[in-house]
Amino acid sequence: MRGFPKRRAPLDGQVAVVTGAARGVGELLARKLSARGARVALVGLEEEELKRVAARLHSDRAHWYADVTDHTAMAGVAAEVEECFGAVDIVVANAGVASGGPFADSDPEVWRRVVEVNLLGGAVTARAFLPALMESRGYFLQIASLAALVPAPMMTAYCASKSGAEAFAHSLRAEVAHHGVRVGVGYLSWTDTDMVRGADQDEVMRELRGRLPWPANRTYAPGPAAERIVAGIERRSAQVYAQGWLRAIRPVRGCLPGLVAMAGTREMRRAEPRMAGVRKGLVGAGGAADERERTQRN
């Protein structure tokens, strides 16, 4: 008796671009997309790390060293990806950096860089790849964060950038839908990555996060988070939640700034004597790589 033909996976043979793919959630997304048959283009600032990730993928892949905030560089990457793979079906704007500490004492250049990478980097990525996505009737996923839903003290740059990235993606969705392009926003809570571990090295930031209400005070494993995001990519979802409870925040998000302000005032008074010791630079290994790149460029 003949068996049924093998069902083709939703991503089999599709071309997926992932920015910030050298580590963390970006690396996991690249690996899981590849395992589902997608051909993967990795983009990031850490060339040796990109090579390492590429070597572990199961399908056709290539990597590009580029700063997602550089219009010229990203336009060149988009052209080369299309030349290499023949099409672009999925683009995940995942590249991101973070810093912490009080706004009044923040380094203006570091604050600006967080917004540049997280917000402008997503827009530059979309601008570079939209022509190819229109041709393929593809999907653009902007990775946002819990920080887009809930404002938090000591994270002004990160919250502003992720809120802006979320709004950008929602606006873009309406502009390109008639071209057959779908646009989604991915939301993640605190996920066990270099970025979060880097932030937790600061005692004040670690304590403030620990005082958040459950389940927002937990650190989540990256594997299940990436699985949920890839499932959302397969469905071309408008919203993708790496942790299921994030979905419940959306209906009440309008009430949250006032609640955060009340609770945050108390916590800031408690932490104020130790604020001077909070690190002012970008956090984690990815942040260090970004700072090295900017130092070499200047």
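A. How the structure looks around the nonpolar core. In terms of nonpolar packing, the biggest core is built from 63 residues, with V17, M74, V81, V88, F129, F140 and Y187 touching the most fellow members. Per-element tally for this core: the top contributor is helix 4 (residues 108–136), with ten residues. If sequence neighbours within four positions are ignored, M74 has contacts with T19, V43, A66, D67, V68, V124, T125, A128 and F129. Of all hydrophobic cores here, the second largest spans 30 residues; its members include A22, A38, V40 and A242.

B. Examining unusual backbone geometry more closely. One non-glycine residue, M154, adopts positive backbone phi at about 75 degrees. Of note, M154 is situated in the loop between helix 5 (146–149) and helix 6 (156–176). Judged by its relative accessible area of 4%, M154 falls in the buried class. In this model, R236 sits at a positive phi of 55 degrees, which is unusual for a non-glycine residue. With respect to the helices and strands, R236 occurs in the loop between helix 9 (222–235) and strand 7 (239–241). Since its relative accessible area comes to 15%, R236 is described here as buried.

C. Spatial organisation of the packing of aromatic side chains. Applying the stated criterion across every chain, the model contains three aromatic pairs. An angle of 70 degrees between the planes, with centres 5.7 Å apart, marks the rings of F103 and W111 as edge-to-face. Taking the relative accessible area as the measure of exposure, W111 reaches 25% and is therefore partly exposed. Pairing Y187 with Y241 gives two aromatic rings, centres 5.4 Å apart and planes at 15 degrees, and the pair type is stacked. Here the residue Y187 occupies a position in strand 6 (residues 182–187), and Y241 occupies one in strand 7, the gap between them amounting to 54 residues. Y241 carries the same exposure label as Y187, and that label is buried.

D. A look at the sheet that holds strand 5 (residues 139–143). Across the sheet, which stays open at both edges, the seven strands sit in the order 3-2-1-4-5-6-7 with parallel pairing between neighbours. Since the sheet does not close on itself, it has two edges, and those belong to strand 3 (61–65) and strand 7, each with one partner. For this sheet, the mean inter-axis angle between neighbouring strands, taken without regard to orientation, is 15 degrees. Bridge analysis of strand 1 (residues 15–19) against strand 4 (residues 90–93) gives three bridges, and the strand direction is parallel. Its bridge partner being in strand 4, A16 is matched across the sheet by I90. Sheet strands in contact with helix 3 (residues 71–85) are strand 1, strand 2 (39–44) and strand 3, and its direction is about 165 degrees off that of strand 3. Sitting on the sheet, helix 4 touches strand 1, strand 4 and strand 5, and the angle it makes with strand 5 is about 175 degrees.

E. Geometry of the pairing of strand 5. Most of strand 5 is tucked away, with five of its five residues classed as buried. Side-chain alternation along strand 5 places Y139, L141 and I143 on one buried face and F140 and Q142 on a second face that is also buried. Summarising the sheet, strand 5 and strand 6 pair through five bridges and their orientation is parallel. Each bridged residue has a counterpart across the sheet, and for F140 the counterpart in strand 6 is V183.

F. Fine view of helix 4. For helix 4, built from 29 residues, the straight-helix expectation of 42 Å at 1.5 Å per residue is met to within 8% by its first-to-last C-alpha distance of 40 Å. Maximal helix bending in helix 4 amounts to about 50 degrees, located at F129; proline P131 follows within four positions. A positive phi of about 55 degrees marks R137, the residue just after helix 4.

G. Looking closely at the side chain of E293. Relative to the elements of secondary structure, E293 occurs in helix 11 (residues 284–297). With a relative accessible area of 13%, E293 lands in the buried category. Beyond its immediate chain neighbours, meaning those up to four positions away, E293 contacts L45 and Y65.

H. Main features of the packing of helix 4 against helix 6. Contact geometry of helix 4 with helix 6 gives a least axis separation of 7 Å together with a crossing angle of 20 degrees. Relative to helix 6, the element helix 4 is oriented roughly parallel. Relative to helix 6, helix 4 is oriented so that their crossing is right-handed. Along the contact surface, helix 4 presents W111, V114, V115, N118, L119, G122, A123, A126, L130 and M134, while helix 6 presents T156, A157, Y158, A160, S161, K162, G164, A165, F168, L172 and V176.

I. Quick peek at helix 2 (residues 47–55). Taken together, the buried positions of helix 2 are L50, V53 and A54. Down the axis of helix 2, the smallest arc covering the buried residues is 100 degrees, so these residues share one side. Across helix 2 from its buried face, at more than 90 degrees, point the exposed residues E48 and A55.

Parameters and conventions
Residues numbered from 1 in each chain as written. Predicted model: local features only at pLDDT ≥ 70, side-chain atom pairs only at ≥ 80, totals over all residues. Heavy atoms only, no water. Core = buried A, V, L, I, M, F, W, Y, C linked by side-chain atoms within 4.5 Å. Buried < 20%, exposed > 50% of the residue type's maximum accessible area, 1.4 Å probe, protein only. Helix = DSSP H or I, 4+ residues; strand = E, 2+ residues; numbered from the N terminus. Contact = heavy atoms within 4.5 Å. Phe/Tyr/Trp six-rings, centres within 6.5 Å; stacked < 30°, edge-to-face > 60°. Pairing = 2+ DSSP bridges. Axes fitted to C-alpha atoms, helices over the stretch in contact; angles between N-to-C directions. Expected span 1.5 Å × (residues − 1). Bend = angle between axes of the 7 residues up to and from the residue. Parallel < 35°, antiparallel > 145°, perpendicular 65-115°, else oblique. Left-handed = near helix turned anticlockwise from the far one by under 90°. Arc of directions from axis to C-beta.

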